[in-house]
Amino acid sequence: MPKKAYVRAHTNIALIKYWGKRDETDFLPMNSSLSMTLDKLYTDTMVVFDEALPKDSFYLNGEKQGEKETQKISNFLDLFREEKNTAMRARVESINHVPTAAGLASSASAFAALAGAANLALGLDLDPQRLSTFARRGSGSATRSIYGGFVEWDMGTCSDDSFAVPVDDAGWDIGIVIVAVNQKAKEVSSRIGMKRTVETSPFYPAWVESAKRDILDIKAAIAAKDFIRLGEITEANGMKMHGTMLGAEPPFSYWEPDSIVAIKTAQALRKQGIACYVTMDAGPNVKVLCRLSQAETIKEALLEHFTEDKLIITKPGKGIRELTAAERAV
Ligand code: DP6
């Protein structure tokens, strides 16, 4: 009987961003990055490899996916087939657990869950560190979703040592309020956006230099459990990344008017003594890093500008894990 493997992986938000590849085939980044795994947003994936299957198939949220999406999955599964030395085809079923109306589905949880499930289904027994080098080749940010809490993706020197390292379980008073600004499809994907930035933005070399410092500083802040410093470094690093895009040719930005509304709201709260800091990835959504114990107060303030369904409070999440029989919806 072919083994069906079920794995859950959570998304992550980068506090020190990955923005630019030095090797596009192997997904080797220009700088090390550091993220926090998020509890509320995750992907559950089932994988089964079977001699009887003529080709790979991929179902997302119950819907059979087209050729282009399935090809991406096939290419990724090839890495595992090569490792196992098998040509068996697979059936993949994924469900994204993202609060409705948020538009927050992520390639990080998708590829981390798929990597975990393929590893189990084929009985490869890859340890988490090695598994993260596989997840990386699906999507760079997926490298970090293998672990929970605060996670560093060490840029490494080659494909084998560019992996995730758990830094801290983030089991202190930390949370995120996600402001889901809109769900429109991105005009510039992160993959294209980072490539354009690396190739054309005169600000890019300065970004790489300063990200190197930021990663050291944020690790020191985490070690000292210094929330304020953690937030300051996070906010500054995100702003610098978005700054590089304004210097690209042609320039681009992911910000929407409502992104600025969310940022200004957080800044106003800070003036009132509530420690909260913003960061944004390659999209208009704003993530407000805060003390979990103050997340409701921050949400209250944001409710003056956003509807309830656009605001999601989450605590730090855990690393990938196999689903229990009761949790297997797919
Ligand atoms: C801005 O991981 O989506 O979210 O490796 O090309 O799949 P690919 O890119 P992706 O880029 C993430 C960029 C970011 C920052 C981050 O998550 O570190």
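The structure we're discussing is the one just above.
Now for a look at the structure at hand. Counting restarts for each chain, with residues numbered from 1 along the sequence as it is written. In view of the model being predicted, local features appear only for residues whose pLDDT reaches at least 70, and side-chain atom pairs are presented and counted only at 80 or more, with totals across whole chains, interfaces and linings using the full set of residues. In computing side-chain properties, one takes all heavy atoms of the structure into account and sets aside hydrogens as well as water.

A few points about the overall build of the chain
From N to C terminus, the chain includes 8 helices and 14 strands. For a compact globule the rule gives 2.2 Å times the number of residues to the power 0.38, and the radius of gyration it is set against comes from C-alpha atoms. A compact globule built from 330 residues would reach a C-alpha radius of gyration of about 20 Å, and the chain, at 19 Å, matches this within 12%. Taken along the three principal axes of its C-alpha coordinates, the chain extends 65 × 45 × 40 Å. Only the protein chains shown count as cover for residues, and the accessible areas themselves come from Shrake-Rupley with a 1.4 Å probe. A total of about 14,400 Å² of accessible surface is found on the chain, and carbon and sulfur atoms cover 51% of it. Neither His nor the chain termini are counted; the positive set is Lys and Arg, and the negative set is Asp and Glu. Working definition for charges: the position is that of NZ of Lys, CZ of Arg, CG of Asp or CD of Glu. The distance from the centre of the 41 positive side-chain charges to the centre of the 43 negative ones in the chain is 1 Å. By the criteria applied, helices consist of DSSP H or I runs no shorter than four residues and strands consist of E runs no shorter than two, each listed in order from the N terminus.

Regarding the packing of aromatic side chains
Think of a pair of aromatic rings as described by two things: how far the centres are apart, and how the planes are tilted against each other in angle. Classification of ring pairs rests on two measures: the distance between centres of Phe, Tyr or Trp rings, Trp counted by its six-membered ring, which must be within 6.5 Å, and the angle between planes, read as stacked under 30 degrees, edge-to-face over 60 and tilted in between. One pass over the structure, following the stated rule, counts 8 aromatic pairs. An angle of 65° between the planes, with centres 4.7 Å apart, marks the rings of Tyr18 and Trp153 as edge-to-face. In this pair, Tyr18 is assigned in the loop between strand 1 (4–16) and strand 2 (21–23) and Trp153 in strand 8 (residues 150–153), connecting sequence segments 135 residues apart. The exposure classification of Tyr18 matches that of Trp153, with both residues buried. When the ring of Phe76 is compared with that of Phe111, the centres are 5.0 Å apart and the planes differ by 75°; the resulting orientation is edge-to-face. Residue Phe76 is located in helix 1 (residues 67–84), and its partner Phe111 is located in helix 2 (residues 107–121); the two are separated by 35 residues in the primary sequence. Using a relative accessible area of 3% as the deciding quantity, one classes Phe76 as buried. A simple rule labels every residue: compare its accessible area, found with a 1.4 Å probe on the protein chains alone, to the largest value its type can have, and call it buried under 20%, exposed over 50%, or partly exposed in between. Phe111 sits in the buried class, given a relative accessible area of 11%. Ring pairing ties together the aromatic residues Phe76, Phe80, Phe111 and Phe134, which thus form one cluster.

Structural notes on the sheet that holds strand 11 (residues 276–279)
Strands are treated as partners if at least two bridges between them are detected by DSSP. The strand order across the open sheet formed by 4 strands is 11-12-10-13, and the pairing between neighbours is antiparallel. In the strand order of this sheet, the two ends are held by strand 11 and strand 13 (311–314), each with one partner. In this sheet, neighbouring strand axes are inclined to one another by 25° on average, regardless of whether the strands run parallel or antiparallel. Bridge analysis of strand 10 (residues 175–179) against strand 12 (residues 286–290) gives 5 bridges, and the strand direction is antiparallel. By the bridge assignment for strand 12, Ile178 is matched with Lys287. With respect to the sheet, helix 6 (residues 227–246) is in contact with strand 11 and strand 12, its orientation differing from that of strand 11 by roughly 25°. Contacts are residue-level and defined by heavy atoms, with any inter-residue pair within 4.5 Å sufficient. All axes here are fitted lines through C-alpha atoms, helices being fitted over the stretch that makes contact, and every angle between N-to-C directions spans 0 to 180 degrees. Sheet strands touched by helix 8 (residues 295–302): strand 10, strand 11, strand 12 and strand 13. Its angle to strand 13, the strand with the most contacts, is close to 170°.

Here we look at the packing of helix 5 (residues 204–223) against helix 6
As a packed pair, helix 5 and helix 6 sit with axes 9 Å apart at the nearest point and diverge in direction by 165°. The pairing of helix 5 with helix 6 is recorded here as roughly antiparallel in orientation. Taken as a pair, helix 5 and helix 6 cross one another with a handedness that is left-handed. Residues Trp207, Ser210, Ala211, Asp214, Asp217, Ile218, Ala221 and Ile222 of helix 5 lie in contact with helix 6, whose contacting residues are Arg229, Leu230, Ile233, Thr234, Asn237, Lys240, Met241 and Thr244. When residues are grouped by polarity, Ala, Val, Leu, Ile, Met, Phe, Trp, Tyr, Cys and Pro land in nonpolar, Asp, Glu, Lys and Arg in charged, and all others, Gly among them, in polar. Among the residues forming the contact of helix 5 with helix 6, the class breakdown is 8 nonpolar, 4 polar and 4 charged. Should an angle fall under 35 degrees it is taken as roughly parallel, and over 145 as roughly antiparallel, whereas 65 to 115 is taken as roughly perpendicular and any remaining angle as oblique. Each crossing gets its hand from how the near helix is turned against the far one by less than a right angle, where anticlockwise is left-handed and clockwise is right-handed.

Some remarks on the pairing of strand 1
Counted residue by residue, strand 1 has 12 buried out of 13 residues, so it is predominantly covered. Pairing of strand 1 with strand 4 (residues 33–50), which is carried by 11 bridges, proceeds in the antiparallel orientation. By the bridge assignment, Asn12 is partnered in strand 4 with Thr37. In terms of strand pairing, strand 1 meets strand 14 (residues 321–322) through 2 bridges, oriented antiparallel. Within strand 14, the position partnered with Val7 by the bridge is Glu322.

A short note on the site of the ligand
Looking at the ligand, there are 17 residues lining it, with Tyr18, Lys21, Ser139, Gly140 and Arg191 nearest. The definition of a polar contact used here is a pair of N or O atoms within 3.5 Å, where within protein one atom must be able to donate a hydrogen and the other to accept one, and adjacent residues in sequence count solely through side-chain atom pairs. Within the side chain of Ser139, one N or O atom sits 2.6 Å away from an oxygen atom of the ligand. With the chains in place, 94% of the 460 Å² that the ligand exposes on its own is no longer accessible. Counting residues per element, the shell around the ligand draws most heavily on helix 4 (residues 190–200), at 3 residues. Residue classes in the shell around the ligand are distributed as 7 nonpolar, 5 polar and 5 charged. For each residue, the test is whether any non-hydrogen atom lies within 4 Å of the molecule or strand; if one does, the residue is near.

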